[in-house]
Amino acid sequence: MEIKNINPFLPAEWQKKAEASTEPAAAGHFGNLLKKALNHVNELQLKAEAAAIDLALGEVEDVHQAMIAMEQAKLAMELTVQVRNKIVDAYQEIMRMQI
Amino acid sequence: MKMFQTMRTSASGLAAERLRLDLIASNIANISTTRTESGELYRRKTAVFAAELAKSGAGQGVRVAAIEEQQTDPRWEYDPTHPDANADGYVAYPNINLLQEMTDLITATRAYEANVTVLNAGKSMFLKALEIGRG
Amino acid sequence: MNKLLNDRTSLVLQLALNAAAERQRVTAHNVANVNTPQFKRQVVLFEEKLKQALQEPELPLARTHERHLDNIPRTLGHEVITDNSTSMRTDGNNVDIEREMVLLSMNQLHFNAVTQALNNRYSIFRYVIQEGRR
């Protein structure tokens, strides 16, 4: 079944992106999307870790670049966790429905 | 640490101007030194600055390339009674002009203060960058 | 998600921070060499370059190096050039210490402002992610 409107409070363009990606084609498509998103979060986390190590070594040329990398990783993680929470909530909501 | 390059650059400026101040102090103190420990006349000391560049060409401040002793003519004074007087009764005094030294002193001090200001600005920007993401 | 976090505005802000950081380094170099004979001051070019680039609808996406912490194409960034203009000074040095001090101040304030703008963007992202709670 399709799960539209993942988060009614997301801004319009994010909403459109989410809806465009979650085509009713198959559940597998959504799974791929989630996998891609998780990979990207992982990438950002690795980048942030590299930034932290470079910071410790003093290898960073501009400290603000390291700070930005770490902040982006943090945001990506928060977004992913929230999306996951919403999906779980939606699933539980559906499970609670009396047929 | 690469991220503090700007502070290292300012530090080089501070060090160079500080050295210059020391030389000026030495010149002024020795304005009447007709004979140093080596037996020679004291000569005016100046620092030669050169820009310090990284291999990539990026600016990394300044360094003191050399400390020169100016070989200009000394100041002659007639005083046959002086132990260092020459055959004609003239004494050679160091080629130090007090007015010139004072001018250089002001220049060096201003430059030193400017470098301190730049250093503080760099530090402030670094601290501000640490606030990225702090809400 | 990269497009969310690295949209045009965020990229521009990051480029501005890079330019400001370089400008600080360049000013430090100029001031350290205020009394170096024959020294010519350096300048950071950024605002004009960026203005031109922003006329394009899409930011040019040149390939970037993996070691870069950000995802910014290097073609868009700032540039350091040497200002070979002559000055009144007899030692061939064209550093004007008053001008450098003013540029320093302006740069610092600019850096602070851009950092603030970036922080605001991240705050908004976070706010939306958390649906306004907290």
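Overview of the structure. (Residues numbered from 1 in each chain as written. Chains lettered and ligands numbered in written order. Predicted model: local features only at pLDDT ≥ 70, side-chain atom pairs only at ≥ 80, totals over all residues.)

Counting residues at the interface gives 30 residues for chain B, matched by 25 residues for chain C. Secondary structure elements with two or more residues in the side of chain B that touches chain C: helix H1 (5-29), strand S1 (45-53), strand S2 (59-69) and helix H2 (98-129) of chain B. Top element by residues in the side of chain B that touches chain C is H2 of chain B. It accounts for 13 residues. Its residues placed into classes, the side of chain B that touches chain C shows 11 nonpolar, 16 polar and 3 charged. (Contact = placed C-beta atoms within 7 Å. Helix = DSSP H or I, 4+ residues; strand = E, 2+ residues; numbered from the N terminus. Nonpolar A, V, L, I, M, F, W, Y, C, P; charged D, E, K, R; others polar.)

Between chain C and chain A, the residue contacts involve 15 residues of the former and 20 residues of the latter. For the side of chain C that touches chain A, the elements supplying multiple residues, two or more each, are helix H1 (2-5), helix H2 (8-32) and helix H4 (97-129) of chain C. Ranked by the residues each element gives to the side of chain C that touches chain A, the list is headed by H4 of chain C, at 5 residues. Among the residues forming the side of chain C that touches chain A, the class breakdown is 9 nonpolar, 3 polar and 3 charged.

Once that is clear, we can look at H4 of chain C. Quick reminder: α-helices carry 3.6 residues per turn. Residues three or four places apart thus point the same way. Compared with the 48 Å implied by 1.5 Å per residue over 33 residues, the 48 Å span of H4 of chain C between its first and last C-alpha is a close match. Each element contacted by the buried residues of H4 of chain C is listed here: helix H3 (63-96) of chain A, H2 of chain B together with H2 of chain C. Just downstream of H4 of chain C, Glu 131 of chain C is the residue with a positive phi angle, here 55°. (Expected span 1.5 Å × (residues − 1).)

For the pair H2 of chain B and H4 of chain C, the least separation of the axes is 10 Å and the interaxial angle reads 10°. In terms of axis orientation, H2 of chain B runs roughly parallel to H4 of chain C. Facing H2 of chain B, whose interface residues are Arg 110, Ala 114, Thr 117, Val 118, Ala 121, Ser 124, Met 125, Lys 128 and Ala 129 of chain B, H4 of chain C presents Ile 97, Met 101, Leu 104, Gln 108, Phe 111, Asn 112 and Thr 115 of chain C. Among the residues forming the contact of H2 of chain B with H4 of chain C, the class breakdown is 9 nonpolar, 5 polar and 2 charged. (Axes fitted to C-alpha atoms, helices over the stretch in contact; angles between N-to-C directions. Parallel < 35°, antiparallel > 145°, perpendicular 65-115°, else oblique.)

With that out of the way, let us pick up the environment of Glu 40 of chain B. Residue and element names in this part refer to chain B. Following the sequence through the fold, Glu 40 ends up in the loop between H1 and S1. According to the C-beta neighbour criterion, Glu 40 is exposed, with 11 such atoms within 10 Å. It is 53 Å that separates the C-alpha atoms of Glu 40 and Leu 127, two residues lying 87 residues apart in sequence. (Buried ≥ 20, exposed ≤ 12 C-beta atoms within 10 Å, placed from the backbone.)

Along the chain, Ala 65 of chain B falls in strand S2. Beyond its immediate chain neighbours, meaning those up to four positions away, Ala 65 of chain B contacts Val 48, Phe 49 and Ala 50 of chain B.

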